[in-house]
Amino acid sequence: MPTDTTSSDAITACLAHSRTIAVPGFSANPERPSHQVAAYMQQHGYRIVPVNPGLAGQTLLGELVYPDLLTAGQAHTIDIVDCFRQASYMPELAQQAIQIAARCLWMQSGIIHPQAAATARAAGLLVVMDLCLKIEHRKRFSQL
């Protein structure tokens, strides 16, 4: 059972009105969930902005990889920050998502940080915690 109380309608609206997704913790390995989710979302019309300091400057999934979220946010208008980092990184990512004026902070399945969620919500961001972006997209839009 998801630990977040974000309404299904809010998630659906976010996915319907977003176009660009930053992916902190993106992996070059196609077997890793971050790569698979990013590729799936890209195949469904979203622009993916990979974020990983160890891969910065490379082109993966046809997109330039950025060293951090702030740099990515300078180059792109980010709608969703889809986090594949450990929970301990969420306060920093929440602050950065606020700084770049993202609309949603999305913590993937297994990532829970109530304090980071509260910080992002207080700044007006939609927060989704402990849910998979790909699964939630597929549940809502797979018939399209």
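Just so it is clear, the model here is predicted, and its values are computed rather than measured. (Residues numbered from 1 in each chain as written. Predicted model: local features only at pLDDT ≥ 70, side-chain atom pairs only at ≥ 80, totals over all residues. Heavy atoms only, no water.)

### Quick look at unusual backbone geometry
- Even without being a glycine, Ala 101 presents a positive backbone phi close to 65 degrees.
- At Asp 130, a residue that is not glycine, the phi angle is positive and equals roughly 65 degrees.
- Residue class for Asp 130 comes out buried when judged on its relative accessible area of 18%. (Buried < 20%, exposed > 50% of the residue type's maximum accessible area, 1.4 Å probe, protein only.)

### Examining the UniProt feature "domain: CoA-binding" (unreviewed entry) in the chain
- In the numbering used here, UniProt assigns the feature "domain: CoA-binding" (unreviewed entry) to residues 15-111.
- Secondary structure within residues 15-111 divides into 32% helix and 23% strand; the distance between the first and last C-alpha atoms comes to 19 Å. (UniProt positions renumbered as here; feature names shortened; annotations may be inferred. Helix = DSSP H or I, 4+ residues; strand = E, 2+ residues; numbered from the N terminus.)

### Comments concerning the sheet that holds strand E6 (residues 104-107)
- Spatial ordering of the open sheet is given by E2-E1-E5-E6-E7, a layout of five strands whose pairing is parallel. Every interior strand has two partners, whereas the edge strands, strand E2 (47-51) and strand E7 (126-128), have only one. Neighbour-to-neighbour, the strand axes of the sheet open up by a mean angle of 20 degrees, direction not taken into account.
- Here helix H5 (residues 114-122) sits on the sheet in contact with E6 and E7, set at roughly 165 degrees to E6. (Pairing = 2+ DSSP bridges. Axes fitted to C-alpha atoms, helices over the stretch in contact; angles between N-to-C directions. Contact = heavy atoms within 4.5 Å.)

### Let's talk about the nonpolar core
- If you look at the biggest cluster of nonpolar residues, it comprises 25 residues, and the most contacted ones within it are Leu 15, Ile 21, Met 41 and Trp 106.
- Elements supplying a minimum of two residues to this core: helix H1 (8-17), strand E1 (20-24), helix H2 (33-43), E6, E7 and helix H6 (133-141).
- The next biggest cluster of nonpolar side chains, apart from the first, holds 24 residues, and it includes Val 51, Ile 78, Ala 116 and Ala 120. (Core = buried A, V, L, I, M, F, W, Y, C linked by side-chain atoms within 4.5 Å.)

### Describing the state of the cysteines
- A complete count under the given rule lists zero disulfides for this structure.
- Distance from the sulfur of Cys 83, which forms no disulfide, to the nearest cysteine sulfur (Cys 104) is 9.0 Å.
- On the accessibility criterion, Cys 83 (0% relative accessible area) is buried.
- The cysteine Cys 104 is free of any disulfide, with Cys 14 supplying the nearest cysteine sulfur at 3.9 Å.
- Using a relative accessible area of 0% as the deciding quantity, one classes Cys 104 as buried. (Disulfide = S-S within 2.5 Å.)

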